[in-house]
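Below are the chains, spelled out letter by letter.
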Amino acid sequence: NEYQAVACSRSTDNECRACASRCESCQGPTERDCTSCRKAHLLHNNGGCLFYQEAQTLGNSGGQGVALGDLDGDGDIDVFVANDGPNRVLLNDGKAKFSGSGQSLGMATSFDVALGDLDADGDLDAFIANDGPNKVWLNDGKANFVSDDNQGLGNAPSHGVQLADLDGDGDSDAFLANGVPHASPVMATPIANRVWRNDSKAHFSDSGQSLGEAISRDVALGDLNGDGRIDAFVANVGSNTLWLNSGNGSFDMFLPMRDSFDSTATQAVDMNGDGQLDIYVANYGEPHRVWLSDGTAKLNLSSQSGNTFYSMGVQFADLDRDGDLDVFAANANPNTVLLNDGVGGFSDTEQLLGVHVSVAVGLADLDGDGDIDAFCVNSYAQPNTVWLLQ
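Below: a short report on this structure.

## Overview of the pairing of strand β15 (residues 231-238)
Then comes step 1: Where burial is concerned, most of β15 is hidden: seven out of the eight residues are buried.
Then comes step 2: By the bridge criterion, seven bridges tie strand β14 (residues 215-222) to β15 in an arrangement that is antiparallel. By the bridge assignment, Ser216 is partnered in β15 with Asn236.
Then comes step 3: Pairing of β15 with strand β16 (residues 241-247), which is carried by three bridges, proceeds in the antiparallel orientation. What sits directly across from Ala232, in β16, is Trp243.
Then comes step 4: Between β15 and β16, which follow one another and run antiparallel, lie two residues.
Then comes step 5: With two bridges joining them, β15 and strand β18 (residues 261-269) adopt antiparallel strand pairing. The residue bridging Gly238 from the neighbouring strand is Phe261, located in β18.

Dropping the structure here:
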């Protein structure tokens with residue numbers, strides 16, 4: 001299939017002209033060739049999933065992670081970006097036009113962020129995974145964040161964080177995927193993953209568990225064995241691991257997986273419509289992996305091979321509006337959209353979305369038109385990007 005620039009309502013000399021097939025700036029007929037001007041192009045996908053890049057420059061702070069939610073209580077979706085440097089909040093005007101809140105939140109090397117109501121006051125707070133002590137930032141309901149500097153949440157190099165009620169007491173706890181320090185020698189010893197328990201007032205205590213010995217990059221949480229407790233699947237450099245919750249937020253390793261890749265991201269979602277949470281794993285320089293669950297924590301590797309991507313982050317949503325969950329992959333090469341066939345088989349739409357080094361993506365309806373858009377966080381001092389679904 002050919003994916004050409006089509007009518008995109010852009011008419012300036014340096015952007016794709018409406019109904020034109022070539023960019024006026026670099027004469028590239030497709031996004032694949034548009035590496036010099038880096039302007040917005042609308043790419044037509046015969047599969048019915050159509051993204052174009054919104055022409056905004058959204059920071060250049062070396063982004064690492066992103067979380068989306070209504071941070072200022074105005075009913076639209078805002079953005080919290082974890083950076084290698086001060087973290088930033090971007091506020092949405094309801095039409096996917098973003099402006100900075102003016103806050104510089106921390107000075108650490110931050111790798112990930114998760115949003116949740118950590119102090120039970122009805123708004124979204126932020127738990128930041130840092131290379132060093134992690135941070136909790138509390139929201140006043142209007143997207144003004146304050147840190148509890150008295151909490152030093154570990155001193156590990158935390159690469160990923162997810163929030164869920166791990167100990168069954170009704171509040172959100174944190175599972176941290178840890179690795180090696182950012183500037184450490186190659187052979188440095190990884191630091192074990194940790195569980196931090198919340199007292200419902202955003203005061204966290206270490207559960208005392210040391211979970212694993214691998215370099216961990218990400219974690220997905222969900223009830224993977226049908227016992228009503230939240231389990232954890234951890235993406236590692238090497239064999240990934242499944243940890244089952246035995247109650248009160250205590251975890252036991254169920255099994256290491258039969259794979260050995262540089263896994264960078266993972267999600268727990270129902271990919272084949274059977275009501276059970278399956279596991280999707282993004283790998284760097286290797287095909288992604290789909291593990292289908294029978295609801296008893298037995299994960300069966302899908303037979304699909306898939307294309308090779310240099311993926312750093314993945315998120316799921318119904319992108320083509322057919323009732324199942326598709327994949328948006330943030331890559332070190334152009335980002336990609338993979339469509340689900342409804343039974344956990346994925347096909348590449350071959351859209352080449354952007355020329356940045358993308359490390360994370362968040363999916364939500366950013367412009368209020370009822371479909372799912374993408375906010376991509378880019379690294380190496382490249383601006384973040386918004387991709388709107390047509």
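## What about the environment of Ile230?
Then comes step 1: With respect to the element layout, Ile230 can be found in the loop between β14 and β15.
Then comes step 2: Its relative accessible area of 21% is what places Ile230 among the partly exposed residues.

## Topic: the pattern of salt bridges
Then comes step 1: Tallied over the full model, the rule gives four salt bridges.
Then comes step 2: Its salt-bridge partner being Asp262, residue Arg217 comes within 2.7 Å of it at the nearest N-O pair. Pair noted here: Arg217 is in strand β14 and Asp262 is in strand β18, with a separation of 45 residues, a long-range link.
Then comes step 3: Note on Arg217: relative accessible area 27%, which makes it partly exposed.
Then comes step 4: For Asp262, a relative accessible area of 25% translates into the label partly exposed.
Then comes step 5: The partner of Arg229 in a salt bridge is Asp227, with the nearest N and O atoms 3.8 Å apart.
Then comes step 6: Accessibility expressed as a relative area gives 37% for Arg229, which makes it partly exposed.
Then comes step 7: Overall, Asp227 belongs to the partly exposed group, its relative accessible area being 34%.

## Describing the sheet that holds strand β1 (residues 51-58)
Then comes step 1: Taking strand neighbours across the sheet as the criterion, the four strands line up as β1-β28-β27-β26 in an open arrangement whose pairing is antiparallel. Strands at the two margins of the open sheet, each flanked by one partner only, are β1 and β26 (358-364). Neighbour-to-neighbour, the strand axes of the sheet open up by a mean angle of 25 degrees, direction not taken into account.
Then comes step 2: Across five bridges, β1 lies against strand β28 (residues 384-389) in antiparallel orientation. Counted as the bridge partner of Gln53 is Trp387 from β28.

## So, the sheet that holds strand β3 (residues 78-83)
Then comes step 1: Pairing in this open sheet of four strands is antiparallel, and the strands run β2-β3-β4-β5 from one edge to the other. Across the chains shown, the open sheet's two edge strands, defined by having one partner strand only, are β2 (63-69) and β5 (98-100). Averaged over all adjacent pairs, the angle separating strand axes in this sheet is 25 degrees, with direction ignored.
Then comes step 2: In terms of strand pairing, β2 meets β3 through six bridges, oriented antiparallel. Looking across to β3, one finds that Ala67 is bridged to Phe80.

## Thoughts on the packing of aromatic side chains
Then comes step 1: Inspection of every chain in the model, using the stated rule, returns nine aromatic pairs.
Then comes step 2: On the numbers, 5.5 Å between centres and 75 degrees between planes, the contact of Phe51 with Phe328 is edge-to-face. Residue Phe51 is located in strand β1, and its partner Phe328 is located in strand β23 (residues 326-331); the two are separated by 277 residues in the primary sequence.
Then comes step 3: Taking relative accessible area as the criterion, Phe51 reaches 0% and is therefore assigned buried.
Then comes step 4: Given the relative accessible area of 0%, Phe328 is considered buried.
Then comes step 5: An angle of 80 degrees between the planes, with centres 5.0 Å apart, marks the rings of Tyr284 and Tyr310 as edge-to-face. Of this pair, Tyr284 sits in strand β19 (residues 278-287) while Tyr310 sits in strand β22 (residues 308-317); the two residues are 26 residues apart in sequence, bridging distant segments of the chain.
Then comes step 6: Residue class for Tyr284 comes out partly exposed when judged on its relative accessible area of 33%.

Reading the values: the criteria
- Residues numbered from 1 in each chain as written.
- Predicted model: local features only at pLDDT ≥ 70, side-chain atom pairs only at ≥ 80, totals over all residues.
- Heavy atoms only, no water.
- Buried < 20%, exposed > 50% of the residue type's maximum accessible area, 1.4 Å probe, protein only.
- Helix = DSSP H or I, 4+ residues; strand = E, 2+ residues; numbered from the N terminus.
- Pairing = 2+ DSSP bridges.
- Salt bridge = Lys/Arg side-chain N within 4 Å of Asp/Glu carboxyl O.
- Axes fitted to C-alpha atoms, helices over the stretch in contact; angles between N-to-C directions.
- Phe/Tyr/Trp six-rings, centres within 6.5 Å; stacked < 30°, edge-to-face > 60°.

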